[in-house]
Amino acid sequence: MFKLGLLASTALIAATSVCGAATQPANPESRLQDVVSNRDANAEFLCNYGWLGVTWYYHTCCSGSSYYSHSTHAAVPVTGHGRSVSRIVVAEKTISNICCEKFGVGLYANSSKGVPGTLLASGVGTASSACAEVTVSIASTLLNKKTKYWIEEFPVNRHGKREGNRRSSVYWAIDPKAKHRAFEQSWTDSTGELSSSPWTRQSSGPFVRVK
């Protein structure tokens, strides 16, 4: 199980250092234990093997003169088979008390550093409190045979209106049969000073299909 609460806690500490005391966001890790009952056997694995957090937190202070935001992205490499794809299927869940949460999914070329590079196509999906597959439509894109690409998830709210305290949390389900390991990256924006962490390899890979 990934330590999803760690990044949220890091974001809150940084926000406090920039703007003083901030409102503590709910702990998503504790609520992930509230898995969905009555799911069919084919989907059961989606809720039992851990999660990658795709999260965003935003805090303003000082009458709006300064702000702090923190987001986490997750990505996994895929290999092209010489055909065009127009759909990306992922498995998602929100924290248990949220009905719906939007998230972005992008198809990226492989960069010279072996991490997500140029964005080729993207779309927006909606996760619910029930762990389930979500199909996201993208522009038809040819994936060259035996060529490495990346599927990346990211929070869509990170470019939203800058006021108040807001957050979004979506969790990308781990697939125990995944052949490729996932990577995570975090972004921070402290009143216009933008920075990112290196992509960090994880121990498992998420559920993803391209069609």
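Structure's up top.
Please read all numbers here as calculations on a predicted model, not as lab measurements.

Asker: Even after reading the chapter, I still don't get the overall build of the chain, so can you show me in this structure?
Answerer: Scanning the chain from N- to C-terminus turns up two helices and 12 strands. Along the chain, from the amino end to the carboxyl end, the secondary structure elements read α-α-β-β-β-β-β-β-β-β-β-β-β-β. Out of the 211 residues in the chain, the part that is buried amounts to 45%. Long-range pairs, those at least 24 residues apart, make up 76% of the contacts in the chain with a sequence separation of at least 6.

Asker: Looking at this model, I keep getting lost on the pairing of strand S8 (residues 166–173). Mind explaining?
Answerer: A regular strand places its side chains so that they alternate between the two faces of the sheet. Where burial is concerned, most of S8 is hidden: six out of the eight residues are buried. Where strand S1 (residues 51–61) and S8 come together, eight bridges link them in antiparallel fashion. The residue bridging Val-54 from the neighbouring strand is Val-170, located in S8. Bridge analysis of strand S3 (residues 83–94) against S8 gives three bridges, and the strand direction is antiparallel. Bridging from a neighbouring strand, Glu-92 pairs with Trp-172 of S8.

Asker: Could you clarify how one ought to interpret the packing of aromatic side chains in this entry?
Answerer: By convention here, two paired aromatic rings are described through the distance between centres and the angle between planes. Taken as a whole and assessed by the stated rule, the structure comprises three aromatic pairs. Centroid distance Trp-56 to Tyr-58: 6.0 Å. Interplanar angle 15°. Geometry classified as stacked. Measuring from ring centre to ring centre gives 5.7 Å for Tyr-58 and Tyr-67, while their planes differ by 25°; the resulting arrangement is stacked. Take Tyr-58 and Tyr-67: they sit in the same class, and that class is buried. In this structure an aromatic cluster arises from ring pairing among Trp-56, Tyr-58 and Tyr-67.

Asker: What's the story with the pattern of salt bridges in this structure? I'm lost.
Answerer: Pairs can form between side chains of opposite charge once their charged atoms are near each other. A complete count under the given rule lists one salt bridge for this structure. For the salt bridge of Asp-175 with Arg-209, the shortest nitrogen-to-oxygen distance reads 3.5 Å. Within this pair, whereas Asp-175 is found in the loop between S8 and strand S9 (183–190), its partner Arg-209 is found in strand S12 (residues 208–210), the two being separated by 34 residues in sequence. Residue classification places Asp-175 among the buried positions, given a relative accessible area of 6%.

Asker: In this structure, what is going on with the environment of Gly-114? I would like to understand it.
Answerer: Following the sequence through the fold, Gly-114 ends up in the loop between strand S4 (100–110) and strand S5 (116–128). On the basis of relative accessible area, Gly-114 is assigned to the partly exposed category, the value being 23%. Measuring from C-alpha to C-alpha, the distance between Gly-114 and Trp-199 comes to 9.8 Å, with 85 residues separating the pair along the chain. For Gly-114, the residues in contact, after removing those within four places along its chain, are Lys-148 and Trp-150.

Cut-offs applied
- Residues numbered from 1 in each chain as written.
- Predicted model: local features only at pLDDT ≥ 70, side-chain atom pairs only at ≥ 80, totals over all residues.
- Heavy atoms only, no water.
- Helix = DSSP H or I, 4+ residues; strand = E, 2+ residues; numbered from the N terminus.
- Buried < 20%, exposed > 50% of the residue type's maximum accessible area, 1.4 Å probe, protein only.
- Contact = heavy atoms within 4.5 Å.
- Pairing = 2+ DSSP bridges.
- Phe/Tyr/Trp six-rings, centres within 6.5 Å; stacked < 30°, edge-to-face > 60°.
- Salt bridge = Lys/Arg side-chain N within 4 Å of Asp/Glu carboxyl O.

No statement about biological role is implied by the geometric values presented.
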